[in-house]
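Fold and geometry: a report
Given next are the chains, with one letter for each unit.
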Amino acid sequence: MWRILCLCFVALMIGTASWSQNTVFSVNASASKIGVKDQIQVDYTIQDAPNLRSMSNPKFEDFMVVSGPFSRQSTSITSDGNRMVQSVTITYSYILQPKRTGNL
């Protein structure tokens, strides 16, 4: 009985460890203020999304897409005690130029 209880506890801990990674989505712009003829790089970053198959292109109503999307992927593996944790980060980058002046 003790062995079954220990086995169930280990299985529960492994399941909890695999669920402990949270998906993180962030957007980063290379500048907060730009001119009409300036360009800005916008990065969309998704971290730890194991079931991500694709991402649809965002609608840039006030911006003209100069180039992109460019994608890059990085993987890191860390050791946390007796377990290994893998983190995958996917970034999509766009180069944009504003169509008009004002707060966009």
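So, here is what we can say about the structure in this document. (Residues numbered from 1 in each chain as written. Predicted model: local features only at pLDDT ≥ 70, side-chain atom pairs only at ≥ 80, totals over all residues. Heavy atoms only, no water.)

Considerations on the nonpolar core
Grouped together as the largest cluster of nonpolar side chains are ten residues: I40, V42, Y44, I46, F60, F63, I90, Y92, Y94 and L96. Secondary-structure elements contributing two or more residues to this core are β2 (40–47) and β4 (83–98). Once residues lying within four places of it in the same chain are set aside, the contact partners of V42 are V27, N28, A29, Y92, S93, Y94 and L96. (Core = buried A, V, L, I, M, F, W, Y, C linked by side-chain atoms within 4.5 Å. Buried < 20%, exposed > 50% of the residue type's maximum accessible area, 1.4 Å probe, protein only. Helix = DSSP H or I, 4+ residues; strand = E, 2+ residues; numbered from the N terminus. Contact = heavy atoms within 4.5 Å.)

Considerations on the sheet that holds strand β3 (residues 63–80)
As summarised here, the arrangement of the four strands in space is β1-β2-β4-β3, forming an open sheet in which the pairing is antiparallel. Each edge of the open sheet carries a strand with a single partner, namely β1 (24–29) and β3. Each neighbouring strand pair of the sheet contributes to a mean axis angle of 15°, computed without reference to strand direction. Two strands pair when backbone bridges link them, and β3 and β4 are joined in this way by 15 bridges, in the antiparallel orientation. Paired with S79 across the two strands is M84, which belongs to β4. (Pairing = 2+ DSSP bridges. Axes fitted to C-alpha atoms, helices over the stretch in contact; angles between N-to-C directions.)

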